[in-house]
Amino acid sequence: MTKSPFPEGFLWGGAVAANQCEGAYLEDGKGLSPVDVLPSVEGGRWDAVMNPTKALETKYDYYPSHESIDFYHRYKEDIALFAEMGFKSFRLSISWPRIFPNGDDATPNEAGLAFYDRVFDECAKYGIEPVVTINHFDTPVELFKNYGGWKNRKCIDFYMNFCEVIFNRYKGKVKYWMTFNEINMILHLPFFGGGMDVNGEANPEEAKYQAAHHQLVASAMATKLAHEIDPENQVGCMLAAGATYAFSCDPKDVWKAMQADREGYFFIDVQARGYYPSYSKRFFKEHNINLVMEDGDLDVLKNHTVDYVAFSYYSSRLTSADPEVMKETEGNVFATLRNPNLEASEWGWQIDPLGLRITMNAIYDRYQKPLFVVENGLGAVDTVEADGSINDDYRIDYMREHVREMGEAIEDGVDLIGYTPWGCIDLVSAGSGEMKKRYGFIYVDRDNEGKGTLNRSKKKSFDWYKKVIESNGSDLV
Ligand code: BG6
């Protein structure tokens, strides 16, 4: 055991999102979330994610999110298990369509609000700090159908209604907020990120950046409102991060890698610094992107930057300027070359703990605001042994090395406030709709077809993570 580099009060915890764990998809007045119209991997998940208009018209045999892991009814048991691991924080999202089923409703759904009261009260019982994502891939489907999603400026008003209701309702219960999960994902998965389908757009890039502008304005307005309602509130942005490496020392590759990173930093540059980055001008011009802005937009961005920068990190990425080389890319969301120095998960996600340290240093150098690692983890197939045990040493290895590198980054001078590994309890995968791709310290008995008792059991990593938290990150063996 060595001396811990982690500061006192470090927010160790875990992360989930409403749309991937709650189930109860129409219960107590909830409206549809984007995932609720998407099938399993066998049913053609990826095609549906990329063609949501078609997906909405299709009747699938099975929808994994409809029951999911039933957190809606089992939250007490789950939070008790998190408490047993010693969680100091729990990242979750509030389902927007559970509060405003159509997105544009005049009044909120009381039953939905009451559910999150119960969840936050349960957290408080154990001294667990909730860390709330306001929109985690959860723009109501009705806003997609009736308004075309975030490319429509009206979504700012609907989102602000939602924010006002939840900021007031949970004042004193929730202090840490994030405005949009992986805000840069709107460029890759517009249905998840922006509740929109860009397939019919004359200039899909323009539509996505227009929607992004609306979200950036909404994020700044929400930050302002959160601070007005309760000065204790801490509001963060959230980036799908992962440093991009150059395939070779050819400057063209290095330039390409820099551009790839800027694609994500673009969002955080606005949210953390308060203005559109200088490089965006040329990018917009070359892509024929003409953003429609209203008076006051640039002021609100300038005056209401975030308090902290949160991000997810699963892997680094590798890119080349040579189209021939790029023919070999893998990965559906972020195309990446295979890095010969790294191993990969069963889903091909490359494992790069040092990449986390590199990413943290790069982000901190750029923004000089506290960082929060709000997603990280290994999606893997777990085997339940005859005696019921689940020996997920591969997950422990993954986590150990990532926690170690986070510690190194802190020693490098990075101000890190917390760590909430993804899917602390097994849940439905966003990308593939699978249950088989498990991230949890807690196993949930449910398979890809929706069979299983939904019973919870502890994996070997449960006790390991408990020890990590107990020792504030100094005991990683
Ligand atoms: C992030 C998302 O992109 O990655 C989560 O914020 C998602 O919602 C996680 O679940 C892991 O991805 P996947 O596809 O394995 O669920």
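In the nomenclature of an unreviewed UniProt entry, the protein corresponds to 6-phospho-beta-glucosidase from the organism Listeria rustica. You can read under Sequence similarities (unreviewed entry) in the UniProt record for the protein the words "Belongs to the glycosyl hydrolase 1 family."

### Considering the overall build of the protein
Across its full length, the protein holds 17 helices and 14 strands. By the compact-globule yardstick of 23 Å for 477 residues, the protein fits well, its C-alpha radius of gyration being 21 Å. With respect to the three principal axes, the spread of C-alpha positions in the protein is 60 × 55 × 45 Å. The proportion of buried residues among the 477 residues of the protein is 60%. For the protein, the proportion of contacts with a sequence separation of at least 24, taken over those separated by at least 6, is 77%. With the model as given, the accessible surface of the protein reaches about 18,400 Å², and the carbon-plus-sulfur share is 50%. A distance of 1 Å separates the average location of the 50 positive side-chain charges in the protein from that of its 73 negative side-chain charges.

### A few points about the UniProt feature "active site" (unreviewed entry) in the protein
Per the UniProt record, the feature "active site" (unreviewed entry) sits at Glu375. Mapped onto the elements of the fold, Glu375 is located in strand 11 (residues 371-375). The class for Glu375 is buried, based on a relative accessible area of 4%. What Glu375 contacts, discounting residues up to four positions off in sequence, is Arg91, His136, Asn181, Glu182, Met238, Phe311, Ser312, Tyr313, Tyr314, Thr420 and Trp422. A polar atom in the side chain of Glu375 sits 2.9 Å from the side chain of Arg91.

### Observations regarding the site of the ligand
Near the ligand there are 15 residues, and of these Gln20, Glu182, Glu375, Lys437 and Tyr439 occur at the shortest range. Between the ligand and the protein, one listed contact pairs an oxygen atom with a side-chain N or O atom of His136 at 2.8 Å. Lys437 is positioned such that a nitrogen or oxygen atom in its side chain is 2.7 Å from an oxygen atom of the ligand. Coverage of the ligand by the protein chains reaches 93% of its 380 Å² of free accessible surface. Across the shell around the ligand, the residue classes tally to seven nonpolar, five polar and three charged.

### Examining the nonpolar core
Judged by nonpolar contacts, the single largest core of 124 residues is most densely connected at Phe82, Ile94, Tyr159, Phe167, Phe311, Met360 and Tyr465. Take this core: its biggest share by element is twelve residues, from helix 10 (residues 204-229). In this structure Met360 touches Phe311, Leu371, Val373, Met406, Ala409, Val414 and Leu416, once residues within four positions along its chain are discounted. Val35, Val49, Tyr63 and Ala430 belong to the second-largest nonpolar core, a separate cluster that totals 18 residues.

### Here's the deal with the sheet that holds strand 4 (residues 176-180)
Adjacent strands of a sheet pair through backbone hydrogen bonds, lying either parallel or antiparallel. Read around the closed barrel, eight strands run 1-2-3-4-5-7-11-12, paired in parallel fashion. Recorded for the sheet is a direction-independent mean angle of 30 degrees between the axes of neighbouring strands. Judged from the three bridges that link them, strand 11 and strand 12 (residues 416-419) form a sheet pairing that is parallel. Bridge pairing links Val373 to Tyr419 in strand 12.

### Details of the environment of Ser320
The residue Ser320 is located in the loop between strand 8 (317-319) and helix 14 (323-326) in this model. Remark: the alpha-carbon pair of Ser320 and Leu11, spanning 309 residues in sequence, is separated by 37 Å. Once you skip the residues sitting within four places of it in the chain, Ser320 turns out to touch Phe247, Asp253, Lys256, Val325, Met326 and Leu337. Here Asp322 takes part through its backbone nitrogen, which lies 2.9 Å from a polar atom of the side chain of Ser320.

### Things to note about the packing of helix 10 against helix 11 (residues 251-273)
Viewed as axis vectors pointing N to C, helix 10 and helix 11 meet at an angle of 30 degrees, and their least axial separation amounts to 10 Å. Judged by the sense of rotation from one axis to the other, the crossing of helix 10 with helix 11 is right-handed. Mapping the contact onto sequence places Tyr209, Ala212, Leu216 and Ser219 in helix 10 and Glu263, Phe266, Phe267, Val270 and Gln271 in helix 11. Split by residue class, the contact of helix 10 with helix 11 holds six nonpolar, two polar and one charged.

### Section: the layout of surface pockets
Reported here for the largest pocket is a volume of approximately 990 Å³. Lining the largest pocket are 39 residues, with Gln259, Ala260, Asp261, Arg262 and Glu263 positioned closest to its centre. Elements supplying a minimum of two residues to the lining of the largest pocket: helix 10, strand 5 (234-241), helix 11, helix 12 (278-286), strand 8 and helix 15 (353-367). Top contributing element to the lining of the largest pocket by residue count: helix 11, with eleven residues.

### Things to note about helix 8 (residues 154-169)
For helix 8, which comprises 16 residues, the first-to-last C-alpha distance of 23 Å matches the rise-based estimate of 22 Å (1.5 Å per residue) to within 8%. Residues of helix 8 that are buried include every one of Cys155, Ile156, Phe158, Tyr159, Met160, Phe162, Cys163, Val165, Ile166 and Phe167, and no others. Lining the buried residues of helix 8 we find helix 5 (96-99), helix 6 (110-125), strand 3 (129-135), helix 7 (141-147), strand 4 and helix 10.

### Looking at the pairing of strand 4
Along strand 4, five of the five residues are buried, which leaves the element largely enclosed by surrounding structure. Where strand 3 and strand 4 come together, four bridges link them in parallel fashion. Within the sheet, the bridge partner assigned to Thr133 lies in strand 4 and is Met178. Alignment of strand 4 against strand 5, held across three bridges, turns out to be parallel. Across the sheet, residue Trp177 finds its bridge partner in strand 5, namely Val235.

### Re unusual backbone geometry
Positive phi is not limited to glycine here, since Glu182 has a value of about 35 degrees. Checked against the element boundaries, Glu182 lands in the loop between strand 4 and helix 9 (190-194). Look at Glu182 and you get buried, because its relative accessible area is 7%.

### Overview of the pairing of strand 3
Here strand 3 lies mainly inside the structure; six of its seven residues are buried. In this sheet, strand 3 lies alongside strand 2 (residues 89-93) in parallel orientation, the contact comprising five bridges. Residue pairing across strands places Ser93 opposite Thr133, the latter belonging to strand 3.

Rules used throughout
- Residues numbered from 1 in each chain as written.
- Predicted model: local features only at pLDDT ≥ 70, side-chain atom pairs only at ≥ 80, totals over all residues.
- Heavy atoms only, no water.
- UniProt positions renumbered as here; feature names shortened; annotations may be inferred.
- Helix = DSSP H or I, 4+ residues; strand = E, 2+ residues; numbered from the N terminus.
- Rg over C-alpha atoms; globule rule 2.2 N^0.38 Å.
- Buried < 20%, exposed > 50% of the residue type's maximum accessible area, 1.4 Å probe, protein only.
- Contact = heavy atoms within 4.5 Å.
- Areas by Shrake-Rupley, 256 points an atom, 1.4 Å probe, with all protein chains shown as cover.
- Lys, Arg positive; Asp, Glu negative; His and termini not counted.
- Charge placed at Lys NZ, Arg CZ, Asp CG, Glu CD.
- Polar contact = N/O pair within 3.5 Å; in protein donor to acceptor, adjacent residues only side chain to side chain.
- Near = heavy atom within 4 Å.
- Nonpolar A, V, L, I, M, F, W, Y, C, P; charged D, E, K, R; others polar.
- Core = buried A, V, L, I, M, F, W, Y, C linked by side-chain atoms within 4.5 Å.
- Pairing = 2+ DSSP bridges.
- Axes fitted to C-alpha atoms, helices over the stretch in contact; angles between N-to-C directions.
- Left-handed = near helix turned anticlockwise from the far one by under 90°.
- 1 Å grid on protein atoms, 1.4 Å probe; cavity = no way out; pocket = protein on both sides within 12 Å on 5 of 7 lines; lining within 4 Å.
- Points joined across faces, edges and corners; volume = space filled by probe spheres on them.
- Expected span 1.5 Å × (residues − 1).

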